[in-house]
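Coordinate analysis (summary)
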Amino acid sequence: MEQTTGNSQHIDWRAWLERWDQQQAGYLPSREKRFAVMLDALDVLLPASFVALDLACGPGSLSQRLLTRFPAARCLAVDLDPVLLTLGRHALGDMDGRLHWIEEDLRDPAWVNRLDGTQVDAVLTTTALHWLRPETLLPLYQQLAALIRPGGLFLNGDHLRFPPQQPSLLTLAERLSQRQEQAVIQQGGETWTRWWEALAQEPALAEAFAERERRFHWRDHGEVWQTLDLHEAALRNAGFREVGVCWQELDNRVLLAVR
C-alpha cells in the first residue's frame, strides 16, 4: 500500500528522482557506466522482448533506464522502502503499463509468492544486497535460480569486496571509496544524509517515513559487504551454470550469472 498523507500533487517527484540520481552518482561517479554494462548484457544475451525483475529497486532508477532502452521489455520492481517506492510510483508511474511495482521484504521467503508463479528472463540489482546477511542471501539466490528461466541472467552491480587474504587490494578499495565520499562533501554535493533530511520535509511523506523507520530497524547491524567469493560460490551452488565478473573498478563490479 502506498504510504502518503496530505497533498502529494504539489511535489515535484521527477525533480526528487533526479536529485536521488545526482546524490548517488556523487558517491559512485561510474554509476551510469555500471548501469550501461548491465543493460548491454541484456541487449547481447536476451531477445528484444523479455521480462526483468529489478530487485531492491529503490525509486526505480534502473527500471527507468531498462524500459527506456528496451521498448518491448516489461519490468517488475520490488522493494520494501515505502518512501522510495512512493517516489518511484509518482515519478515514473507504470511507464505505459510495462512497469509493475511490488512492495515486499526480501528477507521473507514468501516474497516470491507475490509474483504468482511468474518466471523472468533477468534479475538485476544494484547497491542493495550488501545489506543482507549470508543466512538471508544464500536462500535468496536459491529462489532466484528457480525464478529465472533457463538461459536467463542475474546481474548484481555493487561493491563486492576483496577477501581478507588480499589486504592491499581491500585497503586500496576502501581508502579510495572514503576519498570519494570526502570529495562529495568538499565539493558541496548533496550527501546521502542531506537528501533524506530534505525529502523528510515533505508533509505528504510523513506517514511513509514513519513506516520506513518501523520497517528498517533491522538495518541497525549496518552494511554487511560480502566478498565476491561468497557471491560467486552461492550462485554456483544455487544452480547458475556460468558465474563471473563482466566489469569492475576495484571492488565496484558487475557480477553476471547465467541460468
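This next bit is on unusual backbone geometry. The backbone phi angle of Met 95 is positive, close to 45°, even though this residue is not glycine. Positionally, Met 95 belongs in the loop between α4 (82-92) and β3 (99-103). A positive phi angle, near 60°, is found at Asp 96, a position not held by glycine. Among the secondary structure elements, Asp 96 is positioned in the loop between α4 and β3.

With respect to topology, 7 strands assemble into an open sheet ordered β3-β2-β1-β4-β5-β7-β6, the strand pairing being mixed. Every other strand in the sheet has two partners, leaving β3 and β6 (242-249) as the edge strands with one partner each. When the angles between neighbouring strand axes are averaged without regard to direction, this sheet yields 15°. Bridging between strand β2 (residues 74-79) and β3 involves 5 bridges; their strand directions are parallel. Residue pairing across strands places Asp 79 opposite Glu 103, the latter belonging to β3. Strands in contact with helix α3 (residues 61-69) are β1 (51-55), β2, β3 and β4 (120-126); relative to β2, the strand with the most contacts, it is inclined by about 180°. Against the sheet, helix α5 (residues 134-147) engages β1, β4 and β5 (148-159), with an angle of about 140° to β5.

Below, the discussion takes up a nonpolar patch on the surface. A contiguous nonpolar patch, built from Leu 169, Leu 172 and Leu 176 and spanning about 220 Å² of accessible area, is present on the exposed surface. By the secondary structure assignment, Leu 169 is in helix α6 (residues 167-186). Under the relative-accessibility criterion, Leu 169 is labelled partly exposed at 32%.

In this section: α3. Of the residues making up α3, those classed as buried are Ser 61, Leu 62, Ser 63, Arg 65, Leu 66 and Leu 67. Structurally, α3 contributes buried residues whose contacts are with α1 (13-27), α2 (31-45), β1, β2, β3 and β4.

A word on the state of the cysteines. Counted according to the given criterion, the structure contains 0 disulfides. Here Cys 57 stays free of any disulfide, with the sulfur of Cys 75 as its closest cysteine sulfur at 7.9 Å. On the basis of relative accessibility, which here comes to 8%, the residue Cys 57 falls in the buried class. Look at Cys 75 and you get buried, because its relative accessible area is 2%.

Rules and cut-offs
- Residues numbered from 1 in each chain as written.
- Predicted model: local features only at pLDDT ≥ 70, side-chain atom pairs only at ≥ 80, totals over all residues.
- Heavy atoms only, no water.
- Helix = DSSP H or I, 4+ residues; strand = E, 2+ residues; numbered from the N terminus.
- Pairing = 2+ DSSP bridges.
- Axes fitted to C-alpha atoms, helices over the stretch in contact; angles between N-to-C directions.
- Contact = heavy atoms within 4.5 Å.
- Patch = residues over 30% accessible without salt bridge, like charges linked within 9 Å, V, L, I, M, F, W, Y side chains within 5 Å.
- Areas by Shrake-Rupley, 256 points an atom, 1.4 Å probe, with all protein chains shown as cover.
- Salt bridge = Lys/Arg side-chain N within 4 Å of Asp/Glu carboxyl O.
- Buried < 20%, exposed > 50% of the residue type's maximum accessible area, 1.4 Å probe, protein only.
- Disulfide = S-S within 2.5 Å.

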